[in-house]
Amino acid sequence: MEYVLKTDSLSKNYRHFKALDKLTMNVPEGAIYGLVGRNGAGKTTLIRLICGLQEPSSGSYILYGKKNSERDIIKVRRRMGAVVETPAIYPDMTARDNLKMIYRILGLTSFDGIDDILELVGLSGTGKKKAGHFSFGMRQRLGIGIALAGDPDFLILDEPANGLDPQGIIEIRELILKLNRSYQITVLISSHILDELSRFATHYGFMDKGRIVKEISAKELNDSCRKCIRIEVNNIKALACVLDDMDIQYEILSDACADIFAEVNISKLVTSLSDKNCEILSVKERNESLEGYYMSLVGGDRDA
Ligand code: ATP
């Protein structure tokens, strides 16, 4: 697997406080990598380091094969676009003029491409309206448009859904999916809105106290968060026998309890079990959410 970004024991200290503590993460090419962590976990600090806005205290990272200490890191950073914290837009300018400004800053000689970006981020109809009068969602999308100006193939978005209404959240999600699927842009997105992230992330880095505590693909996560029915019976052997006959996947947890990983016809199950003199003592649906998974990793102490 090719990686756009790999970090190795990346640390950032503010005096004695470790904002990043030997953080190791790997962002595969083509991924939508969800960086998940509560407030203060260190997400923005990590993003600022990768963008070159701050220097690590120790450790290193490799971006497109270049180590952060190498000269050419500046060159590969041009392959990257980012919206860190609030989008850097000029409120007195239109969306088009904001893009023209960034084109000039990047030294691009032609404004070709601006129409495509405006179209892509859904702002082509904003005409003479100044960015300062845009809705919050429009400003976020303009911020992403500005990050796309250098035609990046790696996009970093710091909490892009923060403060957006449901419609705005959907628009950002659709934009990210389009950029990833149609334009093959690798996306690193930080968020604490887990439910939203779970709709499109292909990989997750769960962050706590400046560390990645778990890195996992969405597929691996879905497998470990799969839905199941937990059933308690007075004869586990009879249950196993019935489930085998019904060709249903299950896992025996104890001599009284099992998890069933499929939709099951309960009345058929009850009848088959009673034929074997097996009584059901309890049935509970379990659905471990992404949130549950995250809390099991980092614990519930919000002030930790
Ligand atoms: P949030 O979602 O609230 O933005 P975050 O995960 O992005 O949180 P960071 O902004 O990276 O977290 O901050 C990580 C920790 O580092 C916080 O405890 C913060 O107070 C601290 N911190 C960040 N920048 C500085 C700084 N310049 N000086 C001192 N401490 C800082």
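About the criteria used
Residues numbered from 1 in each chain as written. Predicted model: local features only at pLDDT ≥ 70, side-chain atom pairs only at ≥ 80, totals over all residues. Heavy atoms only, no water. Helix = DSSP H or I, 4+ residues; strand = E, 2+ residues; numbered from the N terminus. Rg over C-alpha atoms; globule rule 2.2 N^0.38 Å. Buried < 20%, exposed > 50% of the residue type's maximum accessible area, 1.4 Å probe, protein only. Contact = heavy atoms within 4.5 Å. Areas by Shrake-Rupley, 256 points an atom, 1.4 Å probe, with all protein chains shown as cover. Lys, Arg positive; Asp, Glu negative; His and termini not counted. Charge placed at Lys NZ, Arg CZ, Asp CG, Glu CD. Core = buried A, V, L, I, M, F, W, Y, C linked by side-chain atoms within 4.5 Å. Arc of directions from axis to C-beta. Pairing = 2+ DSSP bridges. Axes fitted to C-alpha atoms, helices over the stretch in contact; angles between N-to-C directions. Near = heavy atom within 4 Å. Polar contact = N/O pair within 3.5 Å; in protein donor to acceptor, adjacent residues only side chain to side chain. Nonpolar A, V, L, I, M, F, W, Y, C, P; charged D, E, K, R; others polar. pLDDT = per-residue confidence, 0-100. Domains from an automatic or database assignment. 1 Å grid on protein atoms, 1.4 Å probe; cavity = no way out; pocket = protein on both sides within 12 Å on 5 of 7 lines; lining within 4 Å. Points joined across faces, edges and corners; volume = space filled by probe spheres on them.

1. Here's the deal with the overall build of the protein
Working step 1: Across its full length, the protein holds eleven helices and 15 strands.
Working step 2: In terms of C-alpha radius of gyration, the protein reaches 24 Å, well past the compact-globule figure of 19 Å for 304 residues.
Working step 3: Expressed along its principal axes, the backbone C-alpha trace of the protein runs to roughly 80 × 45 × 35 Å.
Working step 4: In the protein, which comprises 304 residues, the share counted as buried stands at 47%.
Working step 5: Here the contacts in the protein between residues at least 6 apart in sequence split such that 68% fall between residues at least 24 apart.
Working step 6: When the accessible area of the protein is evaluated, it comes to approximately 16200 Å², of which 46% is carbon and sulfur surface.
Working step 7: Counting 40 positive and 42 negative side-chain charges, the protein places the averaged centre of each group 7 Å from the other.

2. Remarks on helix H9 (residues 236–245)
Working step 1: Restricting attention to buried positions, one finds in H9 the residues Ile236, Ala238, Leu239, Ala240, Val242 and Leu243.
Working step 2: Its buried side turned inward, H9 meets strand S12 (228–233), strand S13 (250–252), strand S14 (257–260) and helix H10 (266–275).
Working step 3: Positive backbone phi, approximately 55°, marks Asp247, located one or two places after H9.

3. Some points on the nonpolar core
Working step 1: Within the largest apolar cluster, 50 residues are counted, with the highest numbers of intra-cluster contacts made by Ile144, Leu148, Tyr204 and Phe206.
Working step 2: In this structure Leu148 touches Ile117, Leu120, Val121, Leu155, Leu179 and Ile185, once residues within four positions along its chain are discounted.
Working step 3: Grouped together as the second largest cluster of nonpolar side chains are 27 residues, Leu5, Val27, Ala41 and Ile50 included.

4. Overview of helix H11 (residues 290–298)
Working step 1: All of the buried residues along H11 are Leu290, Tyr293, Tyr294 and Val298. Projected down its long axis, H11 shows its buried positions confined to an angular sector of 115°, all on one face.
Working step 2: Tucked inside the fold, the buried residues of H11 contact strand S4 (32–36), helix H7 (194–197), strand S10 (203–208), strand S11 (211–217) and helix H8 (218–224).
Working step 3: Directly after H11, the chain includes Gly299, whose backbone phi takes a positive value near 80°.

5. Quick word on the sheet that holds S13
Working step 1: The strand order S13-S14-S12-S15 describes an open sheet built from four strands, whose pairing is antiparallel. At either margin of the open sheet sits one strand with a lone partner, and together these are S13 and strand S15 (280–286). Neighbour-to-neighbour, the strand axes of this sheet turn through a mean angle of 20°, independent of strand direction.
Working step 2: Note that S13 and S14 share three bridges and pair antiparallel. Opposite Glu251, over in S14, you have Asp259 as the bridge partner.
Working step 3: Docked against the sheet, H9 engages S12, S13 and S14, running at close to 165° with respect to S13.

6. Comments concerning the site of the ligand
Working step 1: Taken together, Tyr14, Phe17, Ala19, Arg38, Asn39, Gly40, Ala41, Gly42, Lys43, Thr44, Thr45 and Glu159 form the complete shell of residues around the ligand.
Working step 2: Within the contact set of the ligand, an oxygen atom lies 3.2 Å away from a side-chain nitrogen or oxygen of Asn39.
Working step 3: For the ligand, whose free accessible area comes to 630 Å², the fraction covered by protein is 57%.
Working step 4: Counting residues per element, the shell around the ligand draws most heavily on helix H1 (residues 43–50), which supplies three residues.
Working step 5: The residue inventory of the shell around the ligand, partitioned by class, reads four nonpolar, five polar and three charged.

7. Let's talk about the confidence of the model for the protein
Working step 1: Scored by pLDDT, the protein comes out at a mean of 90, with 97% of its residues at no less than 70.
Working step 2: The lowest-confidence element of the protein is H11, averaging 77 in pLDDT; the highest-confidence one is strand S3 (residues 26–28), averaging 97.

8. As for the environment of Gly125
Working step 1: Mapped onto the secondary structure, Gly125 falls in the loop between helix H4 (114–120) and helix H5 (136–147).
Working step 2: The sequence separation of Gly125 and Ala95 amounts to 30 residues, and the corresponding C-alpha distance is 9.8 Å.

9. Considerations on the domain arrangement of the protein
Working step 1: Taken as a whole, the protein is organised into domain 1 (3–223) and domain 2 (226–287).
Working step 2: A straight line from the C-alpha centre of domain 1 to that of domain 2 covers 46 Å.

10. Re the layout of surface pockets
Working step 1: Quantified by volume, the largest pocket comes out at close to 680 Å³.
Working step 2: Forming the walls of the largest pocket are 25 residues, and the residues nearest its centre are Ala82, Ile102, Leu106, Ile146 and Ala147.
Working step 3: Put simply, the parts of the chain that give the lining of the largest pocket at least two residues each are strand S7 (80–83), helix H3 (95–105) and H5.
Working step 4: Here the second largest pocket is characterised by a volume of approximately 270 Å³.
Working step 5: In terms of lining, the second largest pocket is formed by 13 residues, of which the most central are Ile117, Leu120, Leu148, Asp151 and Tyr183.
Working step 6: For the lining of the second largest pocket, the leading source of residues is H4, giving four residues.
Working step 7: Of the residues that constitute the lining of the second largest pocket, the class distribution is eight nonpolar, one polar and four charged.

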